[in-house]
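# Report on the structure
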Amino acid sequence: MNDTGNTEKYIEGLKVALKRERATLRIYAALARREPNPARKQVLMKLSQAEQQHADRWATRLIELGVNVPEYRETFKDAVWRWLLVQSGVDNALARIESAEEDDTHFYGQLMQSAPSDADRQAVESVLRDEQMHQQATSQAGNPSSVQGNTPQGRLDAILHRESWHKRGGGWIGQAIYGANDGLGAVFGIVSGVAGATAGGPAVLIAGLAGMMASALSMGSGAYLATKSQREIYEAEMNREKRELEMHPEEEAEELALFYQLKGVPEAEANSLAQHLVASPEEALKALGSEELGLSEGSFPNPWTEAMSATLSTALGAFIPIIPFFFLHGYTAVILSFVISTAAHFGVGAAKTVVTGLSPWKSGFEMMLIGLGEAIITFVLGLAFGGIV
């Protein structure tokens, strides 16, 4: 490829890089505004500022190459994705961004190959190193010790936060996605079965509405009771630990020290950390809950939030297959229901990637095929038993 072709390819790559950096810096900034922990907020703000510097560098280079740099306009897709990430919780969002940073390193590696000059290659290489560092920095955002320094409390925080950093996330967004999936799958099956038995008669709408209400209330009450039960267990266990800490602080200190030694902390340092904690009963109680019971107050969401999220999302998902039957009857309504329900299955499957981090296309097609398989089975059963009923 000649120099002109290389430059044109490089310019197109810079435009893509500029757009990606601008989108990512807004995600980091939004997460920083939501994060209550000062140490994590500081890391997130630094990441946002670094992405801004990268964006400014590419905008300047485009101008030098004679290219007009348009004002950034966030697309609807980017806005929705940013909102979903922020609502899913900082930990889950950073896990998704960490995966995206890996894609960025690959992208900048390719961009470097099309750089038309040594100065351009060095600029891309510099940003590439930054992106690789960002993968490590996202872990720092979940580990206050990286900001606090090598102090006893900082090392203690590292121990307490290391395992929780990569725990399953998603917040109420995750609950909503799984609720929509359950509601859509359940009522799609009901609608298909009844449609097969009645040739899409009025009974489909009644059965679909009943299934929607039953699924939504079941999911909502289940989410509420499960979350409430987890919190009650946590409170009961923590009250027991609190009494033991008040009555036998020496034994609890020894217990903590042993836990740290099992994690590979040298005995002397483990004893020092344990004594440091026991001197502050509130911190010691949190550490004991985390180490001995694997529990922390922050790991339990609000039961009412979980219940409302599960109820509404399940009802929304369940409502989709019955929409055509409000306006149409017969096989026309059945076919239309199959079409929109299949599309909805793909959409819900793709949305799951907010929590799972998998490929949206793979997840969407997988969910679509499962939904279609369920619908075909129930429809055939409806045809088979329709004459009996």
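Along every chain, residues carry numbers that run from 1 in the direction the sequence is written. Only residues with pLDDT of 70 or above have their local features reported here, since the model is predicted, and side-chain atom pairs are shown and tallied only from 80 upward, although totals for entire chains, interfaces and linings are computed over all residues. Computation of side-chain values covers all heavy atoms of the structure but excludes hydrogens and water.

## Structural notes on the overall build of the protein
Scanning the protein from terminus to terminus reveals 16 helices and zero strands. Exposed residues in this analysis have more than 50% of their type's maximum accessible area, buried residues have under 20%, and partly exposed residues fall in between, with area computed by a 1.4 Å probe over protein chains only. A total of 389 residues make up the protein; the buried ones form 45% of that total. Residues are treated as being in contact if the distance between any of their heavy atoms lies within 4.5 Å. Considering only residue pairs separated by 6 or more positions, the protein has 75% of its internal contacts joining residues 24 or more positions apart. When the accessible surface of the protein is summed, it comes to about 20200 Å², and 60% of that surface belongs to carbon and sulfur atoms. Labels follow the DSSP assignment, with helices taken as runs of H or I lasting at least four residues and strands as runs of E lasting at least two, numbered in each case from the N terminus. Surface accessibility follows the Shrake-Rupley procedure with a 1.4 Å probe radius. Residue values consider only the protein chains on display as shielding.

## Focus: the environment of Phe 107
Positionally, Phe 107 belongs in helix 4 (residues 90-113). Given a relative accessible area of 14%, Phe 107 falls into the buried group. Between the C-alpha atom of Phe 107 and that of Val 16, which follows or precedes it by 91 residues, the distance is 9.6 Å. Not counting residues within four places of it along the chain, the set of residues in contact with Phe 107 comprises Gly 13, Val 16, Ala 17 and Arg 20.

## A word on the side chain of Ser 192
Following the sequence through the fold, Ser 192 ends up in helix 8 (residues 171-198). For Ser 192, the residues in contact, after removing those within four places along its chain, are Phe 338, Ala 375, Thr 378 and Phe 379.

## Describing the environment of Lys 362
Relative to the elements of secondary structure, Lys 362 occurs in helix 16 (residues 360-386). Taking the relative accessible area as the measure of exposure, Lys 362 reaches 63% and is therefore exposed. Along the sequence, Lys 362 and Gly 349 sit 13 residues apart, while their C-alpha atoms lie 8.4 Å from each other.

## Re the pattern of salt bridges
The salt bridge definition used is simple: a Lys or Arg side-chain nitrogen within 4 Å of an Asp or Glu carboxyl oxygen. A full pass over the atoms with the stated rule returns five salt bridges. One salt bridge connects Glu 12 with Lys 15, and the closest N-O pair in it is separated by 3.6 Å. Residue Glu 12 and its partner Lys 15 are located together in helix 1 (residues 3-34), separated by three residues, close to a single helical turn. Taking the relative accessible area as the measure of exposure, Glu 12 reaches 46% and is therefore partly exposed. Residue classification places Lys 15 among the partly exposed positions, given a relative accessible area of 39%. Residues joined in a network through salt bridges with shared partners are Arg 61, Glu 64 and Asp 120.

## A few points about the nonpolar core
Counting 18 residues, the largest nonpolar core has Tyr 10, Trp 58, Tyr 108 and Leu 111 as its most contacted members. Within the residue set of this core, elements represented by two or more residues are helix 1, helix 2 (38-64), helix 4 and helix 5 (118-141). Ala 195, Leu 205, Phe 325 and Ala 375 belong to the second-largest nonpolar core, a separate cluster that totals 15 residues. Residues belong to one nonpolar core when they are buried, are Ala, Val, Leu, Ile, Met, Phe, Trp, Tyr or Cys, and are joined through side-chain atoms within 4.5 Å.

## Remarks on helix 11 (residues 267-278)
The terminal C-alpha atoms of helix 11, which comprises twelve residues, lie 16 Å apart, in line with the 16 Å expected from a rise of 1.5 Å per residue. Regarding helix 11, the residues found buried are Ala 270, Leu 273, Ala 274, Leu 277 and Val 278. For helix 11, the arc enclosing every buried residue in end-on projection is 130 degrees, short of the 170-degree limit, so these residues lie on one face. Exposed side chains of helix 11 directed beyond 90 degrees from the buried face belong to Ala 268 and Gln 275. What a helix is expected to span follows from its residue count: subtract one and scale by 1.5 Å. Working note: the arc is built from the helix axis to C-beta atom directions.

## What to know about the packing of aromatic side chains
Aromatic ring pairs are reported here in terms of the distance separating the ring centres and the angle at which the planes meet. Any Phe, Tyr or Trp ring, taking Trp's six-membered ring, that has another such ring centre within 6.5 Å forms a pair; planes under 30 degrees apart are called stacked, those over 60 apart edge-to-face, and the others tilted. If you walk through the whole model with that rule in mind, you get seven aromatic pairs. Judged by centre distance (5.4 Å) and plane angle (70 degrees), the ring pair of Phe 188 and Phe 338 falls under edge-to-face. With Phe 188 in helix 8 and Phe 338 in helix 14 (residues 330-351), the pair connects residues that are 150 residues apart, well separated along the chain. Pair check on accessibility: Phe 188 and Phe 338 agree, each one buried.

## So, a nonpolar patch on the surface
Only residues whose relative accessible area exceeds 30% and that form no salt bridge enter a patch; like-charged residues are grouped when within 9 Å of one another, and nonpolar side chains (Val, Leu, Ile, Met, Phe, Trp, Tyr) when within 5 Å. Residues Leu 209, Phe 319, Ile 323, Phe 326, Phe 327, Leu 328, Tyr 331, Ile 335, Leu 336, Val 339 and Leu 383 make up a contiguous nonpolar surface patch of about 980 Å² in total accessible area. Sorting elements by how many residues they give to the nonpolar patch places helix 14 first, with four residues. Considering the arrangement of structural elements, one finds Ile 335 in helix 14. The exposure class of Ile 335 is exposed, given its relative accessible area of 55%.

## Section: the confidence of the model for the protein
Predictor confidence is given residue by residue as pLDDT, running from a minimum of 0 to a maximum of 100. Per-residue confidence for the protein averages 75 on the pLDDT scale, and 77% of its residues sit at or above 70. Note that residues 140-170 has pLDDT below 50 and, in this model, 59 contacts with residues that lie over four places away or in other chains.

## Some details on the environment of Ala 197
Positionally, Ala 197 belongs in helix 8. Counting along the chain gives 184 residues from Ala 197 to Leu 381, while the straight-line C-alpha distance between them is 7.9 Å.

## Thoughts on the side chain of Ser 341
You can see Ser 341 is positioned in helix 14. Contacts described as polar in this section are N or O atom pairs within 3.5 Å, which, within protein, must combine one atom able to donate a hydrogen with one able to accept it, while residues neighboring in sequence count only if both atoms come from side chains. Here Ser 337 takes part through its backbone oxygen, which lies 2.7 Å from a polar atom of the side chain of Ser 341.

## Focus on helix 3 (residues 76-87)
The terminal C-alpha atoms of helix 3, which comprises twelve residues, lie 16 Å apart, in line with the 16 Å expected from a rise of 1.5 Å per residue. The positive-phi residue at the C-terminal boundary of helix 3 is Gly 89, with phi of around 105 degrees.

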